[in-house]
Amino acid sequence: MKKLATYGLLMAILFGNSGAGCSSNTDNPTPQPDSFTSLLGRWELKEANVYAQDAGMPQRLLGKSGEGLAYSFYADGSYDGCILSGSDWDNASQSGTTGNWNCTTNKPGRWALKVTRVQGKDIDDGTLTLTAPTLPKPFVLEKLFVGSATSGSTTVTVLVGESPTETDASGNTSWATYHFVKK
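No experiment lies behind these values; they were computed from the predicted model shown.

Rules used in this analysis
Residues numbered from 1 in each chain as written. Predicted model: local features only at pLDDT ≥ 70, side-chain atom pairs only at ≥ 80, totals over all residues. Heavy atoms only, no water. Helix = DSSP H or I, 4+ residues; strand = E, 2+ residues; numbered from the N terminus. Buried < 20%, exposed > 50% of the residue type's maximum accessible area, 1.4 Å probe, protein only. Contact = heavy atoms within 4.5 Å. Areas by Shrake-Rupley, 256 points an atom, 1.4 Å probe, with all protein chains shown as cover. Pairing = 2+ DSSP bridges. Salt bridge = Lys/Arg side-chain N within 4 Å of Asp/Glu carboxyl O. Core = buried A, V, L, I, M, F, W, Y, C linked by side-chain atoms within 4.5 Å. Disulfide = S-S within 2.5 Å.

(A) Here's a closer look at the overall build of the protein. The secondary structure content of the protein amounts to 1 helix and 11 strands. Element order for the protein, N to C, with α for helix and β for strand: α-β-β-β-β-β-β-β-β-β-β-β. In the protein, buried positions account for 37% of the 183 residues. Counting only contacts in the protein whose residues sit at least 6 apart along the sequence, the fraction spanning at least 24 positions is 52%. Of the accessible surface of the protein, which amounts to about 9800 Å², a share of 52% is contributed by carbon and sulfur atoms.

(B) Structural view of the pairing of strand S8 (residues 139–151). As paired elements, strand S7 (residues 122–131) and S8 share 4 bridges and run antiparallel to each other. Opposite Thr129, over in S8, you have Val140 as the bridge partner. Pairing of S8 with strand S9 (residues 154–162) involves 8 bridges; the strand directions are antiparallel. When the sheet's bridge partners are listed, Val146 is paired in S9 with Leu159. In textbook terms, the turn of a hairpin is the stretch between consecutive antiparallel strands, and for S8 and S9 this stretch comprises 2 residues, one of which, Gly152, has a positive phi near 65°.

(C) Geometry of the pattern of salt bridges. Overall, the coordinates contain 7 salt bridges when judged by the stated rule. Where Glu47 meets Lys64, a salt bridge forms, and the shortest distance between an N and an O atom there is 3.5 Å. With Glu47 in strand S1 (residues 41–53) and Lys64 in strand S2 (residues 60–65), this residue pair connects regions lying 17 residues apart in the sequence. According to the relative accessible area criterion, Lys64 is partly exposed, its value standing at 46%. Put simply, Lys137 and Glu166 hold a salt bridge, and the shortest N to O gap is 2.8 Å.

(D) Examining the pairing of S1 more closely. In the sheet, S1 pairs with strand S3 (residues 69–73) via 4 bridges, with the strands oriented antiparallel. Each residue of the ladder has a partner; that of Trp43, found in S3, is Tyr71. One ladder, built from 10 bridges, connects S1 with strand S11 (residues 173–182); its direction is antiparallel. Paired with Leu45 across the strands is Phe180, a residue of S11. The antiparallel hairpin formed by S1 and S2 contains 6 residues in its connecting segment, where Gly56 sits at a positive phi of about 80°.

(E) Looking closely at unusual backbone geometry. One non-glycine residue, Lys143, lies in the positive phi region at around 50°. Here Lys143 is to be found in strand S8. For Lys143, a relative accessible area of 53% translates into the label exposed.

(F) Region of interest: the nonpolar core. Counting residues in hydrophobic clusters, the biggest one holds 28 residues, and the most contacted among them are Phe73, Leu128 and Leu159. Of all elements in the fold, only S1, S3, strand S4 (78–84), strand S6 (109–119), S7, S8 and S11 reach the threshold of two or more residues within this core. A total of 5 residues in this core trace back to one element, the largest contributor, which is S1. Other than its neighbours up to four places away in sequence, Leu128 contacts Leu39, Phe73, Trp111, Ala112, Phe139, Val140, Leu141, Leu144 and Leu159.

(G) Expanded view of the state of the cysteines. Under the defined criterion, the tally for this structure stands at 1 disulfide. Each disulfide pairs two cysteine sulfurs, and for Cys82 the partner residue is Cys103, the sulfurs being separated by 2.1 Å. On the sign convention where negative is left-handed, the bridge of Cys82 and Cys103, at about 115° about the S-S bond, is right-handed. A residue pair is termed long-range when its members are at least 10 positions apart, and Cys82 in strand S4 and Cys103 in strand S5 (residues 101–103) qualify at 21 residues. By relative accessible area, which is 33% here, Cys103 ends up partly exposed.

This is how it looks when you write it as structure tokens:
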């Protein structure tokens, strides 16, 4: 039962952040991206981990989620969210053939990038903020890194970041880390 509750919490956190881009709203201001073009394109999630730390205790992993979520970022500051049918990210409201991507196409989501440190052409530290009419609050990735990573003989372009730490009334904290690969 504890494992089911943990998985439920993970899915609630991650589903809340993945529904971006499902409807449109012209009342929201549109944040503009800065001059970095390395974020543009399609990014597929490889892994998301949710952590918690109770006051005075070491951190612990609450749960993991894998592939099945993607974002496509465009130069005009819009983005599309994508869900892979049949993945952990697919919920009852998604449709399509298992193994096919379902993406928004009207680009109502907006992204904003604030870069605080670069290393060559890589973003070595920054914050990525995703907003959309369907999100109760912006999805934010801090400690952002966008650049090359090597695994064995393969080099890929990665986007790695973590959500802001949330603290409850008891002083317990939680956060999630995300690892995307550019396609």
